[in-house]
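# Report on the structure
Listed here are the chains, written in short residue letters.
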Amino acid sequence: MDTLDPLLHQPLRTQIAAFLAGAGEATFTELKQRLDVSDGNLDSHLKKLIAAGYVSVRKETGEGRPQSSYALTPLGREALHGYIAALQRLLPLDRAAASAPASQGTPVLRPRTQ
């Protein structure tokens, strides 16, 4: 049986990784607003993803307040794709879609390739 990555199995960390996979890079403020989470909650989960090497942080200083930008690392992208693949193997949506009546419209999740 496939084991799910325990780091990505937490819903907010899955959302962070998925958002960064699509966005490429996002500031702390963008992540906070798009994911509708508190500063403390987002910071806590980002620290765990950074410590695991799944997310990188780039800090810019200049005029005004320093800005942190986050991106999914190649390791993080690989982990996210592995997580999605493991979910697909545990939830065989392709077989369910093939055997379900057309009116049900069962969605098929496919990882985005880049």
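Preceding this section is the structure that the text describes.
Below you will find a few notes about this structure. The model shown is predicted, which means the values in this text are computed figures rather than measured ones.

This part is about the overall build of the protein chain. Each helix and strand in the protein chain was counted, giving 5 helices and 3 strands. Ordered by position in the sequence, the α and β elements of the protein chain form the string α-β-α-α-β-β-α-α. The burial tally for the protein chain puts 30% of its 114 residues in the buried class. When contacts within the protein chain are restricted to residue pairs at least 6 apart in sequence, those whose partners lie at least 24 apart make up 53%. Working note: accessible area of the protein chain is about 7,400 Å², and carbon and sulfur atoms make up 54% of it.

The final tally for this structure, using the stated rule, is 4 salt bridges. A salt bridge links R58 to E25; its shortest N-O distance comes to 2.5 Å. Here the residue R58 occupies a position in strand β2 (residues 55-60), and E25 occupies one in the loop between α1 (11-23) and β1 (26-27), the gap between them amounting to 33 residues. Two residues, K32 and D39, come together in a salt bridge whose shortest N-O distance is 2.8 Å. Take K32: its relative accessible area is 31%, and that puts it in the partly exposed class. On the basis of relative accessible area, D39 is assigned to the partly exposed category, the value being 40%. Shared partners join several salt bridges into a network, and the residues in it are E25, R58 and E60.

Conventions and cut-offs
- Residues numbered from 1 in each chain as written.
- Predicted model: local features only at pLDDT ≥ 70, side-chain atom pairs only at ≥ 80, totals over all residues.
- Heavy atoms only, no water.
- Helix = DSSP H or I, 4+ residues; strand = E, 2+ residues; numbered from the N terminus.
- Buried < 20%, exposed > 50% of the residue type's maximum accessible area, 1.4 Å probe, protein only.
- Contact = heavy atoms within 4.5 Å.
- Areas by Shrake-Rupley, 256 points an atom, 1.4 Å probe, with all protein chains shown as cover.
- Salt bridge = Lys/Arg side-chain N within 4 Å of Asp/Glu carboxyl O.

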